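These are the residues of each chain, in order.
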Amino acid sequence: MTHKSYDKLTHEHFEDNFNIDFLRHVTKRNLVGNFIGSVVGIFLFLYFNLYETFFNANQNLILNFYFGGIIVVFICFMAISKIAGNNIIDSVSIAIRRGLYSFIFLNMFLLIAIIFSGQITLTDTYEKFLFFFLSGQVVVAVFAVTIDLLATIGKN
Amino acid sequence: MQKKRSSVKLTFREEEELIENFEKKKEQLDNVKLKREIKHFRFMDFAQIVIGVGAFGLPAIINTSFWDYIPNVELVDMILIHLFFLFCVVIAINYQFRKDLPFGDKWFMFMLTKRIFYTYVSVFISISLLMILVNELQMSMTMYDYILNTIAAQNVGLVGAVTFSFFKKRN
(Lines give C-alpha, C1' and ligand atoms only; values in the text may rest on other atoms or scores of the structure.)
Protein backbone atom coordinates (compact mmCIF):
# COMPACT_ATOMS: atom_id res chain seq x y z
CA MET A 1 0.00 0.00 0.00
CA THR A 2 1.45 3.33 -1.03
CA HIS A 3 1.21 6.66 0.75
CA LYS A 4 0.63 9.90 -1.12
CA SER A 5 1.91 13.20 0.20
CA TYR A 6 1.71 16.75 -1.05
CA ASP A 7 4.27 19.53 -0.58
CA LYS A 8 2.47 22.84 -0.06
CA LEU A 9 5.58 24.88 -0.87
CA THR A 10 6.69 23.27 -4.11
CA HIS A 11 3.21 21.99 -5.07
CA GLU A 12 4.66 18.54 -5.76
CA HIS A 13 2.98 15.19 -5.21
CA PHE A 14 4.98 12.26 -3.83
CA GLU A 15 4.18 8.57 -3.64
CA ASP A 16 6.06 6.45 -1.10
CA ASN A 17 5.82 2.85 0.05
CA PHE A 18 4.87 4.08 3.53
CA ASN A 19 4.36 7.37 5.32
CA ILE A 20 7.61 9.36 5.52
CA ASP A 21 6.03 12.79 6.00
CA PHE A 22 8.02 13.12 9.23
CA LEU A 23 11.14 13.28 7.03
CA ARG A 24 9.69 15.22 4.13
CA HIS A 25 8.07 18.10 6.00
CA VAL A 26 9.02 20.19 9.01
CA THR A 27 6.05 21.58 10.93
CA LYS A 28 5.44 23.63 14.06
CA ARG A 29 5.05 20.37 16.00
CA ASN A 30 8.65 19.49 15.05
CA LEU A 31 9.87 22.85 16.27
CA VAL A 32 8.04 22.45 19.58
CA GLY A 33 9.36 18.88 19.94
CA ASN A 34 12.87 20.07 19.19
CA PHE A 35 12.53 22.83 21.77
CA ILE A 36 11.30 20.44 24.49
CA GLY A 37 14.08 17.96 23.71
CA SER A 38 16.66 20.73 23.70
CA VAL A 39 15.50 22.02 27.09
CA VAL A 40 15.76 18.49 28.57
CA GLY A 41 19.18 17.93 27.00
CA ILE A 42 20.53 21.33 28.03
CA PHE A 43 19.30 20.79 31.60
CA LEU A 44 21.03 17.40 31.83
CA PHE A 45 24.20 18.69 30.15
CA LEU A 46 24.61 21.72 32.36
CA TYR A 47 23.21 20.34 35.64
CA PHE A 48 25.35 17.18 35.66
CA ASN A 49 28.30 18.99 34.02
CA LEU A 50 28.62 16.25 31.39
CA TYR A 51 31.48 18.07 29.65
CA GLU A 52 33.74 17.18 32.58
CA THR A 53 32.13 13.97 33.86
CA PHE A 54 31.07 12.03 30.76
CA PHE A 55 33.35 13.47 28.09
CA ASN A 56 36.21 14.14 30.53
CA ALA A 57 37.01 17.22 28.36
CA ASN A 58 38.69 14.74 26.00
CA GLN A 59 38.80 16.35 22.54
CA ASN A 60 39.14 13.10 20.60
CA LEU A 61 36.24 11.51 22.45
CA ILE A 62 34.03 14.53 21.75
CA LEU A 63 34.95 14.57 18.05
CA ASN A 64 34.31 10.81 17.75
CA PHE A 65 30.86 11.10 19.33
CA TYR A 66 30.06 14.22 17.29
CA PHE A 67 30.93 13.01 13.81
CA GLY A 68 29.81 9.45 14.64
CA GLY A 69 26.43 10.81 15.69
CA ILE A 70 26.04 12.88 12.54
CA ILE A 71 26.90 9.91 10.31
CA VAL A 72 24.50 7.57 12.16
CA VAL A 73 21.58 10.02 11.97
CA PHE A 74 22.28 10.80 8.31
CA ILE A 75 22.45 7.11 7.34
CA CYS A 76 19.25 6.34 9.28
CA PHE A 77 17.32 9.14 7.53
CA MET A 78 18.69 8.12 4.16
CA ALA A 79 17.91 4.44 4.69
CA ILE A 80 14.30 5.15 5.72
CA SER A 81 13.83 7.32 2.64
CA LYS A 82 15.43 4.67 0.40
CA ILE A 83 13.26 1.88 1.80
CA ALA A 84 10.22 4.09 1.14
CA GLY A 85 11.03 3.85 -2.56
CA ASN A 86 13.02 7.00 -3.34
CA ASN A 87 16.18 6.91 -5.39
CA ILE A 88 19.54 7.50 -3.74
CA ILE A 89 19.87 11.19 -4.74
CA ASP A 90 16.41 12.06 -3.42
CA SER A 91 17.16 10.11 -0.24
CA VAL A 92 20.37 12.05 0.34
CA SER A 93 18.55 15.33 -0.35
CA ILE A 94 15.74 14.46 2.10
CA ALA A 95 18.21 13.34 4.77
CA ILE A 96 20.36 16.48 4.48
CA ARG A 97 17.38 18.85 4.50
CA ARG A 98 15.65 17.17 7.44
CA GLY A 99 18.87 16.85 9.40
CA LEU A 100 19.80 20.48 8.81
CA TYR A 101 16.50 21.76 10.21
CA SER A 102 16.91 19.86 13.47
CA PHE A 103 20.62 20.73 13.62
CA ILE A 104 20.03 24.48 13.20
CA PHE A 105 17.21 24.64 15.75
CA LEU A 106 18.97 22.66 18.47
CA ASN A 107 22.18 24.64 17.91
CA MET A 108 20.29 27.89 18.35
CA PHE A 109 18.70 26.76 21.62
CA LEU A 110 22.02 25.40 22.92
CA LEU A 111 23.94 28.55 22.02
CA ILE A 112 21.40 30.73 23.82
CA ALA A 113 21.60 28.45 26.88
CA ILE A 114 25.42 28.53 26.93
CA ILE A 115 25.46 32.33 26.70
CA PHE A 116 22.89 32.82 29.46
CA SER A 117 24.27 30.10 31.78
CA GLY A 118 27.61 31.93 31.95
CA GLN A 119 29.60 28.71 31.39
CA ILE A 120 31.68 30.42 28.70
CA THR A 121 32.90 33.96 29.26
CA LEU A 122 34.66 36.41 26.94
CA THR A 123 38.03 35.61 28.53
CA ASP A 124 37.79 31.85 27.83
CA THR A 125 39.61 30.43 24.85
CA TYR A 126 37.86 29.58 21.61
CA GLU A 127 39.05 25.98 21.99
CA LYS A 128 37.17 25.56 25.26
CA PHE A 129 34.01 27.07 23.77
CA LEU A 130 34.23 24.88 20.66
CA PHE A 131 34.54 21.58 22.50
CA PHE A 132 32.01 22.60 25.14
CA PHE A 133 29.59 23.43 22.35
CA LEU A 134 30.27 20.22 20.40
CA SER A 135 29.83 18.02 23.47
CA GLY A 136 26.65 19.94 24.28
CA GLN A 137 25.36 19.23 20.79
CA VAL A 138 25.94 15.50 21.22
CA VAL A 139 23.92 15.37 24.46
CA VAL A 140 21.16 17.72 23.31
CA ALA A 141 20.79 16.00 19.91
CA VAL A 142 19.93 12.66 21.60
CA PHE A 143 16.78 14.19 23.10
CA ALA A 144 16.00 16.96 20.62
CA VAL A 145 16.16 14.84 17.45
CA THR A 146 14.23 11.96 19.05
CA ILE A 147 11.36 14.12 20.30
CA ASP A 148 11.47 16.15 17.06
CA LEU A 149 10.90 13.01 14.98
CA LEU A 150 8.39 11.45 17.39
CA ALA A 151 6.28 14.62 17.19
CA THR A 152 5.17 13.87 13.63
CA ILE A 153 5.78 10.13 13.09
CA GLY A 154 2.53 8.59 11.86
CA LYS A 155 0.86 11.98 11.37
CA ASN A 156 -0.44 12.98 7.95
CA MET B 1 -16.27 38.44 -44.89
CA GLN B 2 -14.87 40.93 -42.53
CA LYS B 3 -16.19 41.12 -39.03
CA LYS B 4 -17.26 44.50 -37.84
CA ARG B 5 -15.27 45.66 -34.90
CA SER B 6 -17.40 46.89 -32.09
CA SER B 7 -16.27 50.42 -31.58
CA VAL B 8 -16.76 51.54 -28.02
CA LYS B 9 -15.89 55.08 -27.35
CA LEU B 10 -14.32 55.53 -23.96
CA THR B 11 -14.07 58.72 -22.09
CA PHE B 12 -10.70 59.89 -20.85
CA ARG B 13 -11.58 58.94 -17.28
CA GLU B 14 -12.69 55.43 -18.30
CA GLU B 15 -9.46 54.92 -20.21
CA GLU B 16 -7.50 55.99 -17.17
CA GLU B 17 -9.45 53.58 -14.98
CA LEU B 18 -8.79 50.73 -17.41
CA ILE B 19 -5.06 51.44 -17.45
CA GLU B 20 -5.04 51.70 -13.66
CA ASN B 21 -6.83 48.33 -13.33
CA PHE B 22 -4.44 46.74 -15.80
CA GLU B 23 -1.41 48.03 -13.86
CA LYS B 24 -2.89 46.77 -10.58
CA LYS B 25 -3.44 43.30 -12.08
CA LYS B 26 0.10 43.28 -13.47
CA GLU B 27 1.49 44.24 -10.07
CA GLN B 28 -0.53 41.46 -8.42
CA LEU B 29 0.82 38.90 -10.91
CA ASP B 30 4.36 40.17 -10.35
CA ASN B 31 3.86 39.82 -6.60
CA VAL B 32 2.66 36.22 -7.02
CA LYS B 33 5.78 35.44 -9.07
CA LEU B 34 8.08 37.06 -6.51
CA LYS B 35 6.33 35.28 -3.65
CA ARG B 36 6.96 31.99 -5.41
CA GLU B 37 10.65 32.89 -5.67
CA ILE B 38 11.09 33.86 -2.02
CA LYS B 39 9.52 30.62 -0.83
CA HIS B 40 12.37 28.31 -1.67
CA PHE B 41 15.93 28.62 -0.49
CA ARG B 42 17.59 26.19 -2.87
CA PHE B 43 21.15 24.93 -3.11
CA MET B 44 21.59 27.44 -5.95
CA ASP B 45 20.93 30.30 -3.49
CA PHE B 46 23.45 28.87 -1.05
CA ALA B 47 26.05 28.54 -3.82
CA GLN B 48 25.33 32.10 -4.94
CA ILE B 49 25.95 33.39 -1.41
CA VAL B 50 29.23 31.48 -1.16
CA ILE B 51 30.37 32.91 -4.51
CA GLY B 52 29.27 36.41 -3.43
CA VAL B 53 31.23 36.16 -0.18
CA GLY B 54 34.24 34.90 -2.14
CA ALA B 55 34.05 37.56 -4.83
CA PHE B 56 33.39 40.61 -2.66
CA GLY B 57 34.55 39.51 0.81
CA LEU B 58 37.79 37.72 -0.02
CA PRO B 59 39.78 40.87 -1.00
CA ALA B 60 39.03 42.42 2.40
CA ILE B 61 39.53 39.23 4.35
CA ILE B 62 42.96 38.37 2.91
CA ASN B 63 44.09 41.97 3.47
CA THR B 64 46.32 42.04 6.58
CA SER B 65 45.65 45.72 7.33
CA PHE B 66 41.97 44.80 7.79
CA TRP B 67 42.89 42.38 10.59
CA ASP B 68 45.40 44.87 12.06
CA TYR B 69 42.69 47.49 12.36
CA ILE B 70 39.96 45.27 13.90
CA PRO B 71 41.48 45.07 17.47
CA ASN B 72 41.22 48.88 17.70
CA VAL B 73 37.43 48.67 17.58
CA GLU B 74 35.43 47.96 20.75
CA LEU B 75 33.17 44.89 20.73
CA VAL B 76 30.05 46.94 21.56
CA ASP B 77 30.76 49.34 18.68
CA MET B 78 31.31 46.41 16.36
CA ILE B 79 27.98 44.86 17.41
CA LEU B 80 26.20 48.17 16.76
CA ILE B 81 27.82 48.45 13.32
CA HIS B 82 26.83 44.85 12.66
CA LEU B 83 23.22 45.57 13.58
CA PHE B 84 23.19 48.52 11.19
CA PHE B 85 24.60 46.37 8.38
CA LEU B 86 22.08 43.66 9.19
CA PHE B 87 19.24 46.17 9.02
CA CYS B 88 20.47 47.37 5.61
CA VAL B 89 20.73 43.77 4.40
CA VAL B 90 17.13 43.11 5.52
CA ILE B 91 15.92 46.12 3.55
CA ALA B 92 18.02 45.17 0.50
CA ILE B 93 16.74 41.57 0.45
CA ASN B 94 13.18 42.87 0.82
CA TYR B 95 13.54 45.16 -2.21
CA GLN B 96 15.01 42.24 -4.15
CA PHE B 97 11.54 40.63 -3.99
CA ARG B 98 9.13 43.51 -3.57
CA LYS B 99 8.71 47.16 -4.40
CA ASP B 100 7.39 48.17 -0.98
CA LEU B 101 7.89 47.34 2.70
CA PRO B 102 5.71 44.38 3.75
CA PHE B 103 4.53 45.61 7.16
CA GLY B 104 1.01 44.28 6.67
CA ASP B 105 1.88 41.02 4.93
CA LYS B 106 2.56 38.47 7.70
CA TRP B 107 3.20 35.59 5.28
CA PHE B 108 5.81 37.56 3.38
CA MET B 109 7.45 38.76 6.62
CA PHE B 110 7.73 35.14 7.77
CA MET B 111 9.27 34.04 4.47
CA LEU B 112 11.61 37.04 4.48
CA THR B 113 12.75 36.24 8.02
CA LYS B 114 13.44 32.63 7.01
CA ARG B 115 15.43 33.71 3.97
CA ILE B 116 17.46 36.24 5.98
CA PHE B 117 18.20 33.59 8.59
CA TYR B 118 19.38 31.12 5.93
CA THR B 119 21.46 33.85 4.28
CA TYR B 120 23.05 34.72 7.61
CA VAL B 121 23.90 31.08 8.38
CA SER B 122 25.29 30.53 4.85
CA VAL B 123 27.50 33.62 5.13
CA PHE B 124 28.65 32.48 8.58
CA ILE B 125 29.70 29.08 7.20
CA SER B 126 31.59 30.67 4.27
CA ILE B 127 33.23 33.27 6.50
CA SER B 128 34.35 30.64 9.02
CA LEU B 129 36.01 28.65 6.24
CA LEU B 130 37.73 31.77 4.88
CA MET B 131 38.92 32.75 8.36
CA ILE B 132 40.45 29.30 8.85
CA LEU B 133 42.12 29.75 5.45
CA VAL B 134 43.77 33.05 6.43
CA ASN B 135 44.61 31.74 9.91
CA GLU B 136 42.42 34.25 11.74
CA LEU B 137 40.44 31.55 13.56
CA GLN B 138 42.85 30.00 16.05
CA MET B 139 42.12 27.68 18.94
CA SER B 140 44.20 29.78 21.34
CA MET B 141 42.36 33.07 20.75
CA THR B 142 39.97 34.38 23.40
CA MET B 143 36.23 34.49 22.87
CA TYR B 144 36.41 38.30 22.79
CA ASP B 145 38.78 38.22 19.81
CA TYR B 146 36.80 35.43 18.16
CA ILE B 147 33.51 37.34 18.36
CA LEU B 148 35.17 40.58 17.23
CA ASN B 149 36.87 38.96 14.23
CA THR B 150 33.81 36.93 13.25
CA ILE B 151 31.44 39.91 13.38
CA ALA B 152 33.85 42.08 11.37
CA ALA B 153 34.21 39.40 8.70
CA GLN B 154 30.45 38.69 8.80
CA ASN B 155 29.76 42.36 7.94
CA VAL B 156 31.94 42.10 4.86
CA GLY B 157 30.47 38.73 3.89
CA LEU B 158 26.85 39.86 4.25
CA VAL B 159 27.42 42.87 2.03
CA GLY B 160 29.19 40.68 -0.54
CA ALA B 161 26.42 38.06 -0.53
CA VAL B 162 23.65 40.61 -0.96
CA THR B 163 25.53 42.50 -3.68
CA PHE B 164 26.08 39.33 -5.65
CA SER B 165 22.43 38.24 -5.30
CA PHE B 166 21.37 41.35 -7.28
CA PHE B 167 23.06 39.83 -10.33
CA LYS B 168 20.58 36.95 -10.17
CA LYS B 169 19.03 36.21 -13.54
CA ARG B 170 15.27 36.58 -13.47
CA ASN B 171 13.13 34.40 -15.75
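Preceding block: the structure.
Residues numbered from 1 in each chain as written. Chains lettered and ligands numbered in written order. Predicted model: local features only at pLDDT ≥ 70, side-chain atom pairs only at ≥ 80, totals over all residues. Heavy atoms only, no water.

*Asks:* Would you mind showing me how to read the interface of chain B and chain A here?
*Replies:* Many analyses report the size of an interface as the accessible area lost when the parts associate. Taken together, the 16 residues of chain B in the interface contact 18 residues of chain A. Between chain B and chain A the total buried area reaches about 1300 Å² when both faces are included, carbon and sulfur atoms providing 73% of it. Contact with chain A buries surface across chain B, with B:F117, B:M139 and B:M143 losing the most and accounting together for 41% of the total. For the pair chain B and chain A, the number of links is 0 salt bridges. (Contact = heavy atoms within 4.5 Å. Buried area = accessible area lost by both parts, 1.4 Å probe. Salt bridge = Lys/Arg side-chain N within 4 Å of Asp/Glu carboxyl O.)

*Asks:* Please clarify how the packing of helix 5 (residues 88–117) of chain A against helix 6 (residues 126–150) of chain A should be interpreted in this entry.
*Replies:* In helix packing, the relevant descriptors are the interaxial angle and the interaxial distance, both defined with respect to the helix axes. All names here are of chain A. Close contact between helix 5 and helix 6 brings their axes to 9 Å; oriented N to C, the two are set at 125°. In terms of orientation, helix 5 lies oblique with respect to helix 6. Crossing of helix 5 over helix 6 shows right-handed handedness. Between helix 5 and helix 6, the residues in contact are R98, S102, F103, L106, N107, L110, L111 and I114 and F129, F132, F133, G136, Q137, V140, A141, A144, V145, D148 and L149, respectively. Among the residues making up the contact of helix 5 with helix 6, the classes are represented as 13 nonpolar, 4 polar and 2 charged. (Axes fitted to C-alpha atoms, helices over the stretch in contact; angles between N-to-C directions. Helix = DSSP H or I, 4+ residues; strand = E, 2+ residues; numbered from the N terminus. Parallel < 35°, antiparallel > 145°, perpendicular 65-115°, else oblique. Left-handed = near helix turned anticlockwise from the far one by under 90°. Nonpolar A, V, L, I, M, F, W, Y, C, P; charged D, E, K, R; others polar.)

*Asks:* Would you explain the side chain of A:N107 in this entry?
*Replies:* On the secondary structure map, A:N107 appears in helix 5. In this view, A:N107 contacts A:F133 and A:Q137; residues no more than four positions away in its chain are not counted.

*Asks:* How should I be thinking about the pattern of salt bridges in this particular structure?
*Replies:* Side chains that differ in charge, positive against negative, can pair when their charged atoms come close. Residue and element names in this part refer to chain B. This model, assessed by the stated rule, comprises 3 salt bridges over all chains. A salt bridge links D45 to R115, with the shortest nitrogen-to-oxygen separation between them at 3.8 Å. Placement of the pair is D45 in helix 2 (residues 43–61) and R115 in helix 5 (residues 106–133), with a sequence separation of 70 residues. Among the residues examined, D45 registers a relative accessible area of 5% and is labelled buried. Exposure remark for R115: the relative accessible area of 7% places this residue in the buried category. (Buried < 20%, exposed > 50% of the residue type's maximum accessible area, 1.4 Å probe, protein only.)

*Asks:* How should the environment of B:Q154 be read in this particular structure?
*Replies:* All names here are of chain B. Tracing the sequence through the fold places Q154 in helix 6 (residues 143–165). The spacing of Q154 and S126 is 28 residues in sequence and 9.3 Å in space, taken between C-alpha atoms. Among residues more than four places away in sequence, those in contact with Q154 are H82, Y120, V123, F124 and I127. A polar contact of 3.3 Å, which involves the side chain of Q154, links it to the backbone oxygen of Y120. (Polar contact = N/O pair within 3.5 Å; in protein donor to acceptor, adjacent residues only side chain to side chain.)

*Asks:* Can you help me understand helix 5 of chain A in this one?
*Replies:* Because an α-helix completes one turn every 3.6 residues, residues spaced three or four positions apart along the sequence face the same direction. Residues and elements named next belong to chain A. Across its 30 residues, helix 5 extends 42 Å between first and last C-alpha, which sits within 8% of the 44 Å expected from 1.5 Å per residue. N-capping of helix 5 is provided by N87, with a side-chain oxygen placed 3.3 Å from the backbone N of I89. In the segment just after helix 5, G118 is the residue with positive phi, at about 75°. (Expected span 1.5 Å × (residues − 1).)

*Asks:* Where do I start with helix 4 (residues 59–83) of chain A in this structure?
*Replies:* All names here are of chain A. Compared with an ideal rise of 1.5 Å per residue, which puts 25 residues at 36 Å, helix 4 spans 36 Å between its outermost C-alpha atoms and is within 8% of the ideal. Those residues of helix 4 not exposed but buried are I62, Y66, F77, M78 and S81. On the buried face of helix 4, the contacting elements are helix 1 (21–24), helix 3 (50–53), helix 5 and helix 6. The N-cap residue of helix 4 is N58: its side-chain oxygen and the backbone nitrogen of N60 are 3.2 Å apart. Taken from the residues just after helix 4, G85 is the one with a positive phi, measuring 110°.

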